[in-house]
Amino acid sequence: MALAFTVKVVLGSIAVAIFWVLAVFPAVPFLPIGRTAGSLLGATLMVVFRVLTPDQAYDAIDLPILGLLFGTMVVSIYLERADMFKYLGMMLSWKSKGAKDLICRICLISAISSALFTNDTACVVLTEFVLKTARQHNLPPHPFLLALASSANIGSSATPIGNPQNLVIAIQSKISFGNFLIGILPAMLMGVFVNALILICMYWKLLSIQKDEEDVAVEVFSEEEMNSHRFSPATLSHNSQEWNSRLELMAVQSPPHMSGNMGHVEALRNRAISSETEIQKDPIVTLDSARNSNASKEVAKDVSTQVKEETIPSKRVASMDRLSDALSVSSSEGKKDFTTKWKKLLWKSWVYLVAIGMLIALVMGLNMSWTTITAALALVVLDFKDARPCLEKVSYSLLIFFCGMFITVDGFNRTRIPSTLWDLMEPYSRIDHVSGIAILAIIILVMSNLASNVPTVLLLGAQVAASAAAISAADEKKAWLILAWVSTVAGNLSLLGSAANLIVCEQARRAPQFGYTLSFWSHLKFGVPSTLIVTTIGLALIR
């Protein structure tokens, strides 16, 4: 296929080269504007250099992909608010049987959550849980971080909503959610198993370290602290019952008139003792003076007794009123807490039901973009609050990045360079032969690590599908699934191969009290064998 005229080829190549440099290295010293701005710069240059017209640039933006991406992000935000990922994190260490068991759990939970909620979301919310669990077991965190990132990439390959490149493939190929899942699920499950096995074999010595006594004490303390917090409402209930029982005993055993009589008897007894003592000290005192003294004291005592009989009940009534007020306030607060708790539980249930309904609708073959957008809006309405705080968490920079990338890649395709290169490779990359599948996988693997996986899918997707469609319709579907599988697993090759890897690395470095730096070489040492082995096994299982 002939190249377009030379000026368009050169200018289009310059625009895509600038896009590639800023997309792969967003903090280059000579132009540190970031990945999103670099994408917009590449798109603008395609229009300024007249590789594309403005109308062609607008048409290049794939709105269904953007809608699907937006809907999945909003649903993931509400699932995070409903503590879905917190429960997944708690499952990592629940009744754990050791480090090797922990590796297997991380691989499984990471893969499943990535298939349902995208790999980037799973890595963002699970990284700190993994770091805490590794520290709790007194183990170095890098095997567990590798397990999280690599399994997230492998697991995300199973569904169209697992990662951005699968979104592109699902929309362009028009493969239904169910057929996509059935076609890649066996490869994904086997890939997660083999990936966990490689991790266990490579880090066997580190994973065989036993927990020391000090670490066990820390774990027990944290568990007791959690249990005390969990049962605090029951403790409050017990205290209120104790207060009620004490008040009832006071009311039954100490009525006002009985307490007054008992005080009067005790006072007379004390007075008689004191009088007897005075008589013994002064025997000259006459009986009349003693009688007069006793009479006057009895009169005074009668007056004081009457005063006490009036004041003691009033004080007790006041204290009873204060206690009853305090108990009524605490009971009303308890009712409010109970109501709030059940409202939150009901809201969480609705969030989970909407998410399950969305997945069922996707499996049934409904339009993926509008299904996810409808689910997102249903959650916004059910929340019955201002949606701005949740919508502000949507990664609009990622949506803008995709817009610029669509325009840039479309402009590069119009230079005819990708199609010319594919014409040279196509005879050796036909998927009706094992050698052709191997060569195609190598091409996808290399391009995904050089140009990133989403641009690779945009550049190769239509070419690979057209070549396979010339063989049969079944081979066309298989070609799309191979592209999805290899471009996704290729992200495990190096630390820079996938956004999920970078997210885990950055989240681990910034984690408070658990910070850890995952180096490029420690990832590469595991990534190369894992990627090659997992990719090869998966290719044999894709149908």
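Here, every reference points to the structure presented above.
Below or above, wherever it landed, is the structure these notes cover. (Residues numbered from 1 in each chain as written. Predicted model: local features only at pLDDT ≥ 70, side-chain atom pairs only at ≥ 80, totals over all residues. Heavy atoms only, no water.)

**Description of the packing of aromatic side chains**
Consideration 1: Following the criterion strictly, the structure yields four aromatic pairs and no others.
Consideration 2: A centroid spacing of 6.2 Å and a plane angle of 25° characterise the contact between Phe 19 and Phe 401, whose relative ring orientation is stacked. Here Phe 401 lies in helix 18 (residues 396-414) and Phe 19 lies in helix 1 (residues 6-24), a separation of 382 residues in the sequence.
Consideration 3: In this structure Phe 19 comes out as buried when scored by relative accessible area, which is 4%.
Consideration 4: Judged by centre distance (6.3 Å) and plane angle (80°), the ring pair of Phe 401 and Phe 402 falls under edge-to-face. (Phe/Tyr/Trp six-rings, centres within 6.5 Å; stacked < 30°, edge-to-face > 60°. Helix = DSSP H or I, 4+ residues; strand = E, 2+ residues; numbered from the N terminus. Buried < 20%, exposed > 50% of the residue type's maximum accessible area, 1.4 Å probe, protein only.)

**Focus on unusual backbone geometry**
As a rule of thumb, non-glycine residues mostly have phi less than zero, and peptide bonds are mostly trans rather than cis.
Consideration 1: With a phi close to 65°, Arg 50 is a non-glycine residue in the positive phi region.
Consideration 2: Along the chain, the position of Arg 50 falls in the loop between helix 2 (35-48) and helix 3 (54-60).
Consideration 3: A residue is classified by how much of its surface remains accessible, and Arg 50, at 71% relative accessible area, is exposed.
Consideration 4: Within the chain, Asp 83 stands out as a residue other than glycine whose phi angle is a positive 65°.
Consideration 5: Assignment of secondary structure puts Asp 83 in the loop between helix 4 (63-81) and helix 5 (84-93).
Consideration 6: According to the relative accessible area criterion, Asp 83 is buried, its value standing at 14%.

**What to know about the packing of helix 7 (residues 119-136) against helix 8 (residues 142-156)**
Consideration 1: For the pair helix 7 and helix 8, interaxial distance at closest approach is 9 Å and the crossing angle is 155°. Accordingly, the angle class assigned to the pair helix 7 and helix 8 is roughly antiparallel. Seen from above, helix 7 lies across helix 8 with right-handed handedness. Here helix 7 contributes Asn 119, Cys 123, Leu 126, Thr 127, Val 130, Leu 131 and Ala 134 to the contact with helix 8, which in turn contributes Phe 144, Leu 145, Leu 148, Ala 149, Ala 152, Asn 153 and Ser 156. (Axes fitted to C-alpha atoms, helices over the stretch in contact; angles between N-to-C directions. Parallel < 35°, antiparallel > 145°, perpendicular 65-115°, else oblique. Left-handed = near helix turned anticlockwise from the far one by under 90°. Contact = heavy atoms within 4.5 Å.)

**Some details on the pattern of salt bridges**
Consideration 1: Scanning the model with the defined rule gives eight salt bridges in all.
Consideration 2: Close ionic contact of Asp 383 with Arg 81 constitutes a salt bridge, the shortest N to O distance being 2.8 Å. Taken together, the positions of Asp 383 in helix 16 (residues 368-383) and Arg 81 in helix 4 put the pair 302 residues apart, joining distant regions of the chain.
Consideration 3: Given the relative accessible area of 28%, Arg 81 is considered partly exposed.
Consideration 4: The salt bridge involving Glu 128 is made with Lys 132; its shortest N-O contact spans 3.9 Å. Here Lys 132 and Glu 128 lie together in helix 7, a separation of four residues that amounts to about one turn.
Consideration 5: A relative accessible area of 39% places Lys 132 in the partly exposed class.
Consideration 6: Residues joined in a network through salt bridges with shared partners are Asp 83, Lys 86 and Lys 348. (Salt bridge = Lys/Arg side-chain N within 4 Å of Asp/Glu carboxyl O.)

**Structural notes on a nonpolar patch on the surface**
Consideration 1: Together, Trp 20, Phe 25, Ile 442, Val 446, Leu 450, Leu 496, Leu 502, Phe 520 and Trp 521 give the surface a local cluster of nonpolar side chains, amounting to about 890 Å² of exposed area.
Consideration 2: Those elements that provide at least two residues to the nonpolar patch are helix 20 (434-451) and helix 24 (520-541).
Consideration 3: For the nonpolar patch, the leading source of residues is helix 20, giving three residues.
Consideration 4: The residue Leu 450 is located in helix 20 in this model. (Patch = residues over 30% accessible without salt bridge, like charges linked within 9 Å, V, L, I, M, F, W, Y side chains within 5 Å. Areas by Shrake-Rupley, 256 points an atom, 1.4 Å probe, with all protein chains shown as cover.)

**Here's the deal with the packing of helix 19 (residues 417-425) against helix 21 (residues 453-469)**
Consideration 1: Two numbers describe how helix 19 lies on helix 21: the axes approach to 10 Å, and their chain directions differ by 40°. In terms of axis orientation, helix 19 runs oblique to helix 21. Relative to helix 21, helix 19 is oriented so that their crossing is right-handed. Between helix 19, through Pro 418, Ser 419 and Trp 422, and helix 21, the contact on the second element is made entirely by Leu 459, Leu 460, Gln 463, Val 464 and Ser 467.
Consideration 2: Along the lines of polarity and charge, the residues of the contact of helix 19 with helix 21 split into five nonpolar, three polar and no charged. (Nonpolar A, V, L, I, M, F, W, Y, C, P; charged D, E, K, R; others polar.)

**Looking at the side chain of Lys 8**
Consideration 1: Following the sequence through the fold, Lys 8 ends up in helix 1.
Consideration 2: For the buried Lys 8, no salt bridge is present, and the opposite-charge side chain at shortest range is Asp 410, 10 Å distant. (Lys, Arg positive; Asp, Glu negative; His and termini not counted.)

**Some details on helix 5**
Consideration 1: Among the residues of helix 5, those classed as buried are Phe 85, Leu 88, Gly 89 and Leu 92. Down the axis of helix 5, the smallest arc covering the buried residues is 100°, so these residues share one side.
Consideration 2: Buried residues in helix 5 make contact with helix 4, helix 6 (99-117) and helix 7.
Consideration 3: Immediately downstream of helix 5, the backbone of Lys 95 shows phi near 50°, a positive value. (Arc of directions from axis to C-beta.)

**A look at the environment of Phe 412**
Consideration 1: Turning to its location among the elements, Phe 412 is positioned in helix 18.
Consideration 2: Given a relative accessible area of 15%, Phe 412 falls into the buried group.
Consideration 3: Sequence separation between Phe 412 and Leu 11 is 401 residues; the distance between their C-alpha atoms is 9.6 Å.
Consideration 4: Beyond its immediate sequence surroundings of up to four residues, Phe 412 is in contact with Gly 12, Ser 13, Val 16, Met 46, Ile 417, Pro 418 and Leu 459.

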